[in-house]
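Examination of the molecular architecture
Here is what each chain is made of, one letter per residue.
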Amino acid sequence: MDSVITFALATLASAGVSAVLLAILGWLLRSWIGERLRASIKHEYDDRLEKLKAELKSQGDGQLASLKSEMDRQAEKLRIASASFAEMQKATVTKKIEAVDDLWQTIISGRKSLPDILQLLDRIDIPRLDGKALANVTLMADAFDSEQAVTLVNDLFGDVQKHRPFLGEPIWTMFSIYQSILCRILYLLALDPENPNRLTWYMDEEAQRLINLGFGEAFLEEMQSLKVGRMNSLRERFERSILEVVNKLLTGQEFGAEALAHASRISEEISKIRT
């Protein structure tokens with residue numbers, strides 16, 4: 001009986017050990033398999049990651065090279081455009097300087113070529129002249145004929161109109177309105193002998209309208225209040241004004257929308273006035 005019990009206990013002990021060993025072996029096997037799987041997955045992941053990095057680097061290098069090439073092309077285009085623009089600007093500035101020089105020479109030439117009668121009228125107060133003095137002044141005015149007037153009108157404008165694109169509308173308009181005032185005065189002297197304001201041009205309605213249009217009502221009133229020197233006052237005002245806008249042109253400043261609109265309105269009004 002004791003031997004049977006001993007055998008049974010030995011068998012149970014052996015079976016228990018085997019079960020424990022099997023459990024440990026199973027755990028070890030699962031751990032080993034899990035580690036192998038994780039290692040295999042990690043290896044495959046790392047391999048794919050390296051391939052992806054290589055592909056991305058290859059694509060990136062290609063795109064970078066393409067982008068650099070495009071940037072180089074654009075930079076070359078910009079360089080060429082900048083050089084062309086600089087040359088164009090240089091040529092434009094030269095044209096502007098030539099235009100301003102021609103404009104000023106025409107102004108000086110026109111000033112010097114004004115008839116003696118006009119300069120005389122600027123030194124005397126016509127309404128205060130007695131009959132004999134007035135008759136003498138009228139004879140001088142009669143000596144200024146239409147042929148002289150036409151020649152002088154052409155001299156007043158010269159070739160300035162060909163420079164109009166480079167001078168700009170504000171300068172051209174100021175120049176043309178002053179010359180239009182002079183033309184109106186010359187018209188009164190040479191072609192309208194019956195006009196009561198022939199010698200007192202500053203009383204002429206159309207001359208007043210031009211002066212008001214170009215230099216403002218305040219200046220018109222100031223000029224009319226003078227006894228003598230009205231023409232000189234008008235000339236000085238014009239030359240100061242033209243030099244201001246010329247300086248703006250040569251220093252590269254832009255004429256504002258208001259100045260351009262004002263020039264356009266004046267041009268329209270000039271075209272309506274008979275000179």
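Thresholds, definitions, all that
- Residues numbered from 1 in each chain as written.
- Predicted model: local features only at pLDDT ≥ 70, side-chain atom pairs only at ≥ 80, totals over all residues.
- Heavy atoms only, no water.
- 1 Å grid on protein atoms, 1.4 Å probe; cavity = no way out; pocket = protein on both sides within 12 Å on 5 of 7 lines; lining within 4 Å.
- Points joined across faces, edges and corners; volume = space filled by probe spheres on them.
- Helix = DSSP H or I, 4+ residues; strand = E, 2+ residues; numbered from the N terminus.
- Nonpolar A, V, L, I, M, F, W, Y, C, P; charged D, E, K, R; others polar.
- Salt bridge = Lys/Arg side-chain N within 4 Å of Asp/Glu carboxyl O.
- Buried < 20%, exposed > 50% of the residue type's maximum accessible area, 1.4 Å probe, protein only.
- Patch = residues over 30% accessible without salt bridge, like charges linked within 9 Å, V, L, I, M, F, W, Y side chains within 5 Å.
- Areas by Shrake-Rupley, 256 points an atom, 1.4 Å probe, with all protein chains shown as cover.
- Axes fitted to C-alpha atoms, helices over the stretch in contact; angles between N-to-C directions.
- Parallel < 35°, antiparallel > 145°, perpendicular 65-115°, else oblique.
- Contact = heavy atoms within 4.5 Å.
- Lys, Arg positive; Asp, Glu negative; His and termini not counted.

1. Considering empty space enclosed by the protein
Applying the stated criterion to the full structure yields 2 cavities of 30 Å³ or more. Empty space within the largest cavity amounts to approximately 70 Å³. Together, Ile107, Gly110, Arg111, Leu114, Leu156, Tyr178, Gln179, Leu182, Arg235, Phe238 and Glu239 line the largest cavity. Elements supplying a minimum of two residues to the lining of the largest cavity: helix H1 (2–113), helix H6 (169–191) and helix H9 (230–250). Counted by class, the lining of the largest cavity contains 6 nonpolar, 2 polar and 3 charged residues. As a volume, the second largest cavity reaches approximately 50 Å³. Looking at the second largest cavity, the residues that line it are Leu121, Asp122, Ile126, Leu199, Trp201, Tyr202, Arg230 and Met231. Looking at side-chain class alone, the lining of the second largest cavity contains 6 nonpolar, no polar and 2 charged residues.

2. Some words on the pattern of salt bridges
The final tally for this structure, using the stated rule, is 7 salt bridges. Close ionic contact of Arg128 with Asp125 constitutes a salt bridge, the shortest N to O distance being 3.3 Å. Here Arg184 ties to Asp204 by a salt bridge, and the two come within 2.9 Å at their closest N and O atoms. Pair noted here: Arg184 is in helix H6 and Asp204 is in the loop between H6 and helix H7 (205–215), with a separation of 20 residues, a long-range link. Among the residues examined, Arg184 registers a relative accessible area of 2% and is labelled buried. Judged by relative accessible area, Asp204 falls into the buried class, the value being 4%.

3. Considering the environment of Ser180
Structurally, Ser180 can be placed in helix H6. By relative accessible area, Ser180 is classed as buried at 8%. Taking the C-alpha atoms as reference points, Ser180 and Val153, 27 residues apart in sequence, are found 9.0 Å from one another.

4. Examining a nonpolar patch on the surface
A cluster of nonpolar side chains, contributed by Val93, Ile97 and Leu250, occupies part of the molecular surface with about 270 Å² of accessible area. Turning to its location among the elements, Leu250 is positioned in helix H9.

5. Thoughts on the packing of helix H4 (residues 146–157) against H6
Interaxial distance between H4 and H6 falls to 10 Å at its minimum, and their mutual angle equals 175°. Of the possible angle classes, the one that applies to H4 and H6 is roughly antiparallel. Contacts between H4 and H6 involve Ser146, Ala149, Leu152, Val153, Leu156 and Phe157 from the first element and Phe175, Ser176, Gln179, Ser180, Leu182, Cys183, Leu186, Ala190 and Leu191 from the second. Residues belonging to the contact of H4 with H6 are distributed by class as follows: 11 nonpolar, 4 polar and no charged.

6. Details of the side chain of Arg230
Along the chain, Arg230 turns up in helix H9. We note that Arg230 is buried and unpaired, the nearest opposite charge coming from Asp125 at a distance of 4.6 Å. Beyond its immediate stretch of four places on either side in the chain, Arg230 contacts Asp122, Trp201, Tyr202, Met223 and Gln224.

Structural measurements only, silent on function.
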